[in-house]
Amino acid sequence: MYKLLAIFIFITNAVLSQYNVYEFSNGSHFVSTSSSSLVNSWAGGINNAQMAKLDVNFDNKEDFIVYDKSADRVMVFVQKNNEWVYEPVYTQYLPKIYNFIYIGDYNCDGKKDIFTNVPDNSQIRVYKNTSTSTQLSWSITYNELKATGVAGILYPITPGIYDMPAITDVDMDGDLDILLYDTNAGSGVVFNKNLSKETYGTCDTLIFEKHISCWGNFSITHDCNTLIGFGTGCPNYGGIHDARIMHDGVGISAADMDGNGTTDLFVSHVECNKISLLMNTGNNALGNITSKTDNYPTAIPVDMRKFPIAYYTDANFDNIPDLITSTNLPPDEQIYTQDYDETVWLYTNSGTTTNPGFNTLNKKFLQETMIDIGQHTAPALADYDHDGDYDLFVGSKGKTTGSFYIASLYLYENIGTKDTARYILKTDNYLALNTLGGSYLFPGFADINYDGALDLYFTISIPAQGSSIKYIINKNDSTRAFDLSNAVSTLPVSIYGGDKVTIFDINKDTKPDVFVASGTIGNLIYYKNTSSNPTTPSFTEETSTYLDYTYDFARKGFSVHFANLTSPDSIHMIIFQNKNPIKIRTSAYLSSPNFGAEDSLIIYNKLNTYNQTSKTGYYNTFASADLNGDGFKEILIGTESGGLMLLNNMRKKVTIIKPKPDTLPLYTNNGHNIGKNIYPNPTYDGVINIKIIPNTQLTVFDIYGKEVCYTTIFENEFLKTIKITDTKGIFFIFQKNKSHFLASKVVYN
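Here's what I pulled together on the structure shown here.

What counts, and at which threshold
- Residues numbered from 1 in each chain as written.
- Predicted model: local features only at pLDDT ≥ 70, side-chain atom pairs only at ≥ 80, totals over all residues.
- Heavy atoms only, no water.
- Helix = DSSP H or I, 4+ residues; strand = E, 2+ residues; numbered from the N terminus.
- Buried < 20%, exposed > 50% of the residue type's maximum accessible area, 1.4 Å probe, protein only.
- Contact = heavy atoms within 4.5 Å.
- Areas by Shrake-Rupley, 256 points an atom, 1.4 Å probe, with all protein chains shown as cover.
- Core = buried A, V, L, I, M, F, W, Y, C linked by side-chain atoms within 4.5 Å.
- Pairing = 2+ DSSP bridges.
- Axes fitted to C-alpha atoms, helices over the stretch in contact; angles between N-to-C directions.
- Patch = residues over 30% accessible without salt bridge, like charges linked within 9 Å, V, L, I, M, F, W, Y side chains within 5 Å.
- Salt bridge = Lys/Arg side-chain N within 4 Å of Asp/Glu carboxyl O.

1. Structural notes on the overall build of the protein
Of regular secondary structure, the protein possesses two helices and 59 strands. Every one of the 749 residues in the protein was classed for burial, and the buried ones make up 58%. Within the protein, contacts between residues separated by at least 24 positions form 52% of all contacts whose residues are at least 6 apart in sequence. Of the roughly 28,400 Å² of accessible surface on the protein, a fraction of 49% belongs to carbon and sulfur atoms.

Next comes the structure, spelled out in structure tokens:
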């Protein structure tokens, strides 16, 4: 059966020998600053962190699961020798998170389950933990949590898109309840009581009753100066502020902060910069909030500009909970008064669990262990000092001035070798480009004047001037270190805010061409270099829809990168669009390239050797170079979260099975075509429906040729539903009878 695999690879214009297999690097001590080595160099940065705990590697130590809401990305940091170490291999084993995450054991089986939102819906989905003793796995047990309300009517439990609910055992009866801000009316907290214990005598079920709509007898006023009100019940304040409906955006987290056996609350509001601690002196069923600290902690109050959320959990390995706060903002939310490289605050607890003391503050918890320079990073690689290895340049959205951002160019010098790259921060303002007064500075290198030496180019957005492509000609030739003391010039190609630019000689005429991936309307524009004088660049628009990347407003965060990843005889085009897995297209390096269809970039997972698709969040940018001397290029990814991720090229380290081809003709009856006979594709739970051909042997392989599923289809079957596997990745599906075969590919995200 393995021989079928080669047929599909051939049909999809991606011969196995040309496959590029990559592995996410944890980047241990790969990058240094002047004062420390960054243990999590390539973790990708953090902007708006939601914090949860789960033992992912079964060592009886709880690890951090960090969901960056603005980047829509999950990171895993495991405990190793009293350090939090980034381990991207475990993200494959977590379900897709939407909008919020809570991890807790709802069914009392000793295994923590996951609560999150339903996709494109504000209702709550629950994943039951079905893990074995060696591998994580999950199944959806509740897709839309509901509570019984007035007259026995079932109501959906719906936190708003900005809200953070508190999921905890509020009434201390042994099952998980939900405290949620009232998004429909009033200004109070709704207590959705779990009746599992009362109904079944166990805590293995989620069955909710809307118990009370003003739990704790306090109100949230929407006034940041007097956020919490007492003694007035829960009136409906209503209204709109800053174009946002007033009720939309309250964060609640729960803990017993004084050891009196009742549930106390941390409360914050989407428009406010602080956290309030509310103390409960009543019974847990009704709650009675009688005191508050509006600017908590008292010694060093939280001041995070917009919507901080509190997490009471141990972060320094002493088994005493500390206080972590981070903002809870969605993508594109602007905070001009805060830099995004200081958005995870850790207050170390010098007291006890029930009598905490928060007198020390680290504003860069986890962020200080990785490259994190704010937001929207973009890498570039070049040997600027001509010592035979690649140095790293990083641009970004910039640092705040209070009303807008000003970007600079970071230079990390390679102090290793061409075979073992090691980086140290040389300067955070290379060439003093901050004096241009612009933001979104994204660098690259190309031979602009085609003299054989690389020049620097970058896009930048300058107030009152708009966005443009700038460049600086290298005074030296290719045999010497860069001399970029020439003046900054502007390339004669128009761009707009959000556009991503890559410059690459696509037609092998030695003159670099310009490609603009539109960040607003989603098309790819190709500008051919028509210069007749190297000192006067000139470009002509060849097409506004290169490779049929036409206008598509859904193609948010669109970017492309051209590179010879494996040999000078081929071109690879790396594509990112709107949170989708990274794609790749391949062509022979000809004067008129002929790119094949998009295919998913294959990510190798060392834990089980299965492949997976990339999960890199919003707004990726790319650079590539051979960083370990094996002749194949690694890929650096700039992220929405202000950091970098590194994909190591595993082509020499991973063997992909190359089976013999089959001789049967391709089955195309009734419009069956490659990739058209499977739905949904991609699948998010591993379950797919397959339109079938008569009397078929149906087999599913992973990318390495391992059979993961086999079944026989009979004559009267026309549609088959199967579960591929419990492990996510890219899979090939083959149907074969005596006279024909049908080959398809499916992605399990």
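2. Considering the environment of valine 189
Its place among the elements puts valine 189 in strand E16 (residues 189-194). A residue is classified by how much of its surface remains accessible, and valine 189, at 0% relative accessible area, is buried. Spatially, the C-alpha atoms of valine 189 and serine 213 are 6.1 Å apart, while their sequence positions differ by 24 residues. Apart from residues lying up to four places away in sequence, valine 189 is in contact with Leu179, Leu180, Tyr181, Ile212, Ser213, Cys214, Trp215, Phe218, Ile220 and Ile252.

3. Side note on the nonpolar core
Ranked by size, the top nonpolar core spans 53 residues in total, and within it Phe77, Phe115 and Phe365 carry the most contacts. Among all residues touching phenylalanine 77, those that are not within four sequence positions of it are Asn40, Ala43, Asp63, Phe64, Val66, Trp84, Val85, Tyr86, Leu366 and Met370. Core analysis: the next-biggest nonpolar cluster, separate from the first, contains 20 residues, Val56, Val85, Ile101 and Tyr127 among them.

4. Concerning the sheet that holds strand E41 (residues 513-517)
As summarised here, the arrangement of the four strands in space is E40-E41-E42-E43, forming an open sheet in which the pairing is antiparallel. If you trace the sheet from one side to the other, it starts and ends with strand E40 (500-504) and strand E43 (539-543), each paired once. Going across the sheet, the axis of each strand differs from the next one's by a mean of 25 degrees, ignoring polarity. Inspection of the sheet shows E40 paired to E41 by five bridges, in the antiparallel sense. Following the sheet pairing, isoleucine 503 is matched in E41 by valine 514.

5. Considerations on a nonpolar patch on the surface
A contiguous nonpolar surface patch, about 290 Å² in accessible area, is contributed by Val150, Ile153 and Tyr155. The residue isoleucine 153 is located in the loop between strand E12 (146-148) and strand E13 (154-156) in this model. Among the residues examined, isoleucine 153 registers a relative accessible area of 43% and is labelled partly exposed.

6. Regarding the pattern of salt bridges
Inspection of every chain in the model, using the stated rule, returns 14 salt bridges. Between aspartate 72 and lysine 96 there is a salt bridge whose closest N-O contact spans 2.9 Å. With aspartate 72 in the loop between strand E5 (63-68) and strand E6 (73-80) and lysine 96 in the loop between strand E7 (83-86) and strand E8 (102-104), the pair connects residues that are 24 residues apart, well separated along the chain. Overall, the relative accessible area of 11% leaves aspartate 72 in the buried class. Judged by relative accessible area, lysine 96 falls into the partly exposed class, the value being 28%. Where lysine 426 meets glutamate 413, a salt bridge forms, and the shortest distance between an N and an O atom there is 3.4 Å. Linking lysine 426 in strand E35 (residues 423-427) with glutamate 413 in strand E34 (residues 410-414), this pair joins segments that are 13 residues apart in sequence. The class for lysine 426 is exposed, based on a relative accessible area of 52%. For glutamate 413, a relative accessible area of 16% translates into the label buried.

7. Focus: the side chain of serine 25
With respect to the secondary-structure elements, serine 25 resides in the loop between strand E1 (21-24) and strand E2 (31-32). Residue classification places serine 25 among the buried positions, given a relative accessible area of 11%. If we ignore the near neighbours within four places in the chain, the residues touching serine 25 are Trp42, Tyr86, Pro88, Leu646 and Asn648.

8. A few points about unusual backbone geometry
Note the cis peptide between tyrosine 296 and proline 297, where omega equals -10 degrees. As for its placement among the helices and strands, proline 297 is situated in the loop between strand E25 (289-293) and strand E26 (308-313). Positive phi values are uncommon outside glycine, yet aspartate 72 reaches one of about 55 degrees. Its identity is not glycine, yet asparagine 81 carries a phi of approximately 50 degrees, on the positive side. Within the secondary structure, asparagine 81 sits in the loop between E6 and E7.

9. Details of the pairing of strand E37 (residues 455-462)
Counting buried residues in E37 gives seven out of eight residues, a clear majority hidden from the surface. As judged from the six bridges shared by strand E36 (residues 439-446) and E37, these two strands associate in the antiparallel manner. Following the sheet pairing, proline 443 is matched in E37 by phenylalanine 458. Sheet topology places E37 next to strand E38 (residues 466-472); seven bridges connect them, and they run antiparallel. Bridging across to E38, threonine 459 finds its partner in isoleucine 469. The turn joining E37 and E38, which pair antiparallel and follow one another in sequence, is formed by three residues; a positive phi near 70 degrees is taken by alanine 464.

10. A look at the pairing of strand E50 (residues 621-625)
For E50, the tally of buried residues reaches five of five residues, placing the bulk of the element in the interior. The alternating pattern of E50 places Thr621, Ala623 and Ala625 and Phe622 and Ser624 on opposite faces, both of which are buried.

11. A closer look at the sheet that holds E8
Pairing in this open sheet of four strands is antiparallel, and the strands run E8-E9-E10-E11 from one edge to the other. Strand pairing shows two members of the sheet lacking a second neighbour, E8 and strand E11 (138-142), which therefore form its edges. Ignoring which end each strand starts from, the neighbouring axes of this sheet average 30 degrees apart. In this structure, E8 lies alongside strand E9 (residues 113-117), joined through three bridges in antiparallel fashion. Counted as the bridge partner of glycine 104 is aspartate 113 from E9.

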